[in-house]
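Residues per chain, in single letters:
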Amino acid sequence: MPDCGPNHATLLRDVWRPPEVRSTALRSVLDELVRLATLAANSHNSQPWHFRCREGSVEIRPDFARRLPVVDADDHHLWVSLGCAAANIVEAAPAFGLSGEARMREGPDGSHVQVALAPAPDTGERSLEAIVGRQCARSTYDGRPLEATAARILAGTGRESGVDVDLLVTPEHRSALSELIIRGNATQVADTRFRKELESWLRFNASHAAQTRDGLFTGCLGAPTAPAFLARMFFDGSFTVERENERLRAQLDSTPAFAVVTGPEATPAGWVAVGLAVQRLALAATRLDVAHAHVNQPVEVAALRGQLAKLVGHEDRRPDLVLRLGHGPPMPRSLRRPTEDVIERSGG
Ligand SMILES: Cc1cc2nc3c(=O)[nH]c(=O)nc-3n(C[C@H](O)[C@H](O)[C@H](O)COP(=O)(O)O)c2cc1C
């Protein structure tokens, strides 16, 4: 028997453990901020990042070896994921007596996101619980509408960075959006290149997920687990447009509200701004006990973007993300690679 290392449940407890805020040693604080950054949402759980810790900042750099060339040909999701990681550092910083400000930087070794850190009085605001409590819950929701206050808070999350969060709650809007999602899903599931890429990121059972500590564990998707060799053998026969659309339709029909997120500009800087906003939205939803999950098919299938933009009245911009929001049971958590694997240590 191969040594599979610590089991899935033990790893999950460790990855999502409550933050350690007592230490005042700079290196421990920065390491803990990096760990919290890695808990952010990220496309396919590919974790496409490296971190460099400086005295007054954390740099989040793209790991292009973890690109998703089919579903994310122009690295849109990759930069959004870096923005999500930056948001977690900014939100966690006050608990460590720091303030954080994220900005895009160009350097001789490429673009990256820099989170500048400075000492700051403790504001008493606490995001740590939400950071370790957040998850993309791809469950069927119970249909209960969002409360008006929750809807107002969630719609306001991007405003100051030029990111629009449009909430779609009427039956007409939800139905029009659901049709776009279903059409996008059908296009993707029928596409051999998309299927191959997705399959390479699927982790078919708990020990498979624990081996790589990345990718999409089928348990998190509400799909059955199986020995990897068997799951691969049956993948083509079981992952069909008909089945996937039926499963998705049930989720969409149970969803009382959708958020369409549109950034200020279609550039890496604009996509990082979207990531910052959407991770804040996810943390706000977690605090409000509102479940969320991504349904990005109409932005991933480029031919559908125009219709989505029209639906939310931003015809002049590219819509970035689509989330569903509601109330439903939690799903199994996804893993992350160890912090040591993603921090670049530079000698001094
Ligand atoms: C830019 C971006 C795009 C994503 N697209 C999808 C998607 O289309 N469908 C989906 O189910 N999840 C999507 N996700 C969610 C990720 O798969 C999820 O964050 C990742 O698997 C880690 O799981 P967790 O957020 O529950 O920790 C996306 C996340 C990001 C940041």
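All values derive from a computational prediction rather than experimental measurement.

Enquirer: Just give me the short version of the overall build of the protein, but keep the residues and values in it.
Expert: The secondary structure content of the protein amounts to 14 helices and eleven strands. Projected onto its principal axes, the C-alpha positions of the protein cover 55 × 55 × 40 Å. When each of the 348 residues of the protein is scored for burial, the buried share is 54%. Of the contacts made within the protein by residues no fewer than 6 positions apart, 75% connect residues no fewer than 24 positions apart. Surface accessibility of the protein: about 15500 Å² in total, with carbon and sulfur atoms responsible for 54%. Side-chain charges in the protein split into 40 positive and 43 negative, and the spacing between the mean points of these groups amounts to 2 Å.

Enquirer: Outline the pattern of salt bridges, listing residues and values.
Expert: Considering all chains together, one arrives at 23 salt bridges under this definition. Its salt-bridge partner being Asp31, residue Arg27 comes within 3.9 Å of it at the nearest N-O pair. Taken together, the positions of Arg27 and Asp31, both in helix H2 (residues 26-38) and four residues apart, correspond to about one turn of that helix. By relative accessible area, which is 53% here, Arg27 ends up exposed. The class of Asp31 is buried, set by a relative accessible area of 19%. Arg66 is the salt-bridge partner of Asp63, the closest N and O atoms lying 3.9 Å from each other.

Enquirer: Before we move on, could you go through the nonpolar core and cite the residues and values that matter?
Expert: Grouped together as the largest cluster of nonpolar side chains are 67 residues, with contacts concentrated most on Phe51, Ile60, Phe96 and Leu117. Built from parts of two domains, this core gets at least three residues from each of domain 1 (8-134) and domain 2 (148-326). Setting aside chain neighbours within four positions, we find Leu117 in contact with Leu30, Leu33, Gly56, Ser57, Val58, Ile89, Ala93, Leu98, Ser99 and Gly100. By size, the runner-up hydrophobic cluster in this structure holds 16 residues, among which are Leu168, Leu180, Val260 and Val299.

Enquirer: Could you give an account of the site of the ligand, naming the residues involved and the relevant values?
Expert: Every one of the 20 residues lining the ligand counts as a neighbour, but Arg134, Cys136, Arg138, Asn296 and Arg336 are closest to it. Residue Cys136 places a main-chain N or O atom 2.9 Å away from an oxygen atom belonging to the ligand. In isolation the ligand exposes 620 Å². Once the protein is present, 91% of that is buried. Broken down by element, the shell around the ligand gets its largest block of residues, three residues, from helix H3 (residues 76-92). Along the lines of polarity and charge, the residues of the shell around the ligand split into six nonpolar, ten polar and four charged.

The rules we used
Residues numbered from 1 in each chain as written. Predicted model: local features only at pLDDT ≥ 70, side-chain atom pairs only at ≥ 80, totals over all residues. Heavy atoms only, no water. Helix = DSSP H or I, 4+ residues; strand = E, 2+ residues; numbered from the N terminus. Buried < 20%, exposed > 50% of the residue type's maximum accessible area, 1.4 Å probe, protein only. Contact = heavy atoms within 4.5 Å. Areas by Shrake-Rupley, 256 points an atom, 1.4 Å probe, with all protein chains shown as cover. Lys, Arg positive; Asp, Glu negative; His and termini not counted. Charge placed at Lys NZ, Arg CZ, Asp CG, Glu CD. Salt bridge = Lys/Arg side-chain N within 4 Å of Asp/Glu carboxyl O. Core = buried A, V, L, I, M, F, W, Y, C linked by side-chain atoms within 4.5 Å. Domains from an automatic or database assignment. Near = heavy atom within 4 Å. Polar contact = N/O pair within 3.5 Å; in protein donor to acceptor, adjacent residues only side chain to side chain. Nonpolar A, V, L, I, M, F, W, Y, C, P; charged D, E, K, R; others polar.

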